[in-house]
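What follows is the residue order along each chain.
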Amino acid sequence: MTPPTNTAAAAGTWDLGNLAVNRIGFGAMRLTGSVAFGPGIPGDRDRSIGVLRRAIELGVNHIDTAAYYFSPHLSANELINRALAPYPDDLVIATKVWPARDPSGAWWWATPEQLRGQVEENLRQLGRDHLDVVNLRVPPSRKTGSIAGHFGVLAELRDAGLIRHLGVSNVTPEQLAEAQAIAPVVCVQNSFGIGASAGEQELLRSCGEQGIAFVPFFAIAGAGREAGATATDHKDVLAIARAHGATPAQIRLAWTLRQGPHVLAIPGTGNPRHLAENVAAGTLRLSDEEMARLQSPG
């Protein structure tokens, strides 16, 4: 059966454990405002709820979120609950733990003993009795350290039925292997986009060989990261976008999806027009020559 065009199904599917998802998903970080974790234009509650509902209409069945995605007035998890509960049977919600923010927005990092509380906070905010996927988000300060203590707690919560599947985020190959020795890992969330380093590309390939989903964050924003996509872009990205009648963001998403069938995209937006554009990127087919140009864009 041919998937419908201009829906999230157009890019194909991948299995997160036993949960099938369309390869274009949705990141909830920008629902609460234009700039995550900092000053910016506040999110509009009604518009954010509308974006979430429209995402489901467009075939999105994989939403990435976190309890620490909040602004003074909006929480991404609670927006998801308000917009989508009772949840569609095929909807997969992935969240992240280890980092946290206090009510003032200041960051703190959980000890292994505090992870259960973070999991329960996500359950409460989302209104669920289990979490589909929980990613252990490793802090930048732990890039060379062990994650066994924290990941082991999540494995215990998985065994207890609070979590269905586990993932890791911001990890090294060594940390991924350490986690896999404790419990199955269904996905890796790391920063990845056009201009990725050889090491980043190797980890992506390794995940594919192991049947692990690779879910890049900042695939559109690139160096802009939390601030969002920048107004300027590489000339090759712009030229290829013009050739396809597409936006640079759509070209970056199409490039991301071409990295392998195990690569999922989770672009985030609070703008309904950008949502439609992001989903439509799954219909773009870049040529081998265009892919080669984007490998080292000018």
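Structural data are supplied above this passage.
Being a predicted model, the structure only gives us computed values, none of them experimental. (Residues numbered from 1 in each chain as written. Predicted model: local features only at pLDDT ≥ 70, side-chain atom pairs only at ≥ 80, totals over all residues. Heavy atoms only, no water.)

S.K.: Where do I start with the overall build of the chain in this structure?
M.R.: Helix and strand content of the chain: 10 helices and 11 strands. Computed over the C-alpha atoms, the radius of gyration of the chain is 18 Å, within 12% of the 19 Å expected from 2.2 N^0.38 for a compact globule of 298 residues. In terms of overall dimensions, the chain has C-alpha extents of about 55 × 40 × 40 Å along its principal axes. Buried positions account for 54% of the 298 residues belonging to the chain. Accessible area for the chain stands at about 12,900 Å²; split by element, carbon and sulfur atoms hold 53% of it. A distance of 5 Å separates the average location of the 26 positive side-chain charges in the chain from that of its 28 negative side-chain charges. (Helix = DSSP H or I, 4+ residues; strand = E, 2+ residues; numbered from the N terminus. Rg over C-alpha atoms; globule rule 2.2 N^0.38 Å. Buried < 20%, exposed > 50% of the residue type's maximum accessible area, 1.4 Å probe, protein only. Areas by Shrake-Rupley, 256 points an atom, 1.4 Å probe, with all protein chains shown as cover. Lys, Arg positive; Asp, Glu negative; His and termini not counted. Charge placed at Lys NZ, Arg CZ, Asp CG, Glu CD.)

S.K.: How should the packing of aromatic side chains be read in this particular structure?
M.R.: Two descriptors summarise a pair of aromatic rings, namely the distance from one centre to the other and the angle between the planes of the rings. Under the criterion given, the structure shown has 4 aromatic pairs. Their ring planes at 15 degrees and their centres at 5.7 Å tell us that Phe192 and Trp255 sit as a pair that is stacked. Residue Phe192 is located in the loop between strand 10 (187-189) and helix 6 (198-210), and its partner Trp255 is located in helix 8 (residues 248-257); the two are separated by 63 residues in the primary sequence. A relative accessible area of 3% places Phe192 in the buried class. For Trp255, a relative accessible area of 2% translates into the label buried. Feature note: the residues Tyr68, Tyr69 and Trp107 constitute an aromatic cluster, connected by ring pairs. A cation sits over an aromatic face here: Arg101 above Phe70, 4.1 Å from the ring centre. Positioned above the aromatic ring of Tyr87 is the side chain of Arg128, whose terminal nitrogen or guanidinium carbon lies 4.9 Å from the ring centre. (Phe/Tyr/Trp six-rings, centres within 6.5 Å; stacked < 30°, edge-to-face > 60°. Lys NZ or Arg CZ within 6 Å of the ring centre and 35° of its normal.)

S.K.: Looking at this model, I keep getting lost on unusual backbone geometry. Mind explaining?
M.R.: A negative phi angle characterises most non-glycine residues, just as the trans form characterises most peptide bonds. With an omega of -5 degrees, the peptide bond between Ala85 and Pro86 qualifies as cis. Along the chain, Pro86 turns up in the loop between helix 2 (76-84) and strand 5 (92-97). One non-glycine residue, Trp98, lies in positive phi territory at about 110 degrees. One can find Trp98 in the loop between strand 5 and strand 6 (99-101).

S.K.: Explain the pairing of strand 8 (residues 131-137) to me, please; I cannot follow it from the model alone.
M.R.: Regular strands have side chains that alternate between both faces of the sheet. Judged by how many residues are buried, strand 8 sits mostly within the fold: 7 of 7 residues are covered. Judged from the 4 bridges that link them, strand 5 and strand 8 form a sheet pairing that is parallel. Each bridged residue has a counterpart across the sheet, and for Ala94 the counterpart in strand 8 is Val133. As judged from the 6 bridges shared by strand 8 and strand 9 (residues 163-169), these two strands associate in the parallel manner. Across the sheet, the residue bridging to Asn135 is Gly167, located in strand 9. Of the crossover connections in this fold, the one passing from strand 8 over helix 4 (residues 148-159) to the parallel strand 9 is right-handed. (Pairing = 2+ DSSP bridges. Right-handed = clockwise from strand over helix to strand, strands pointing away.)

This is a description of form; function is not addressed.
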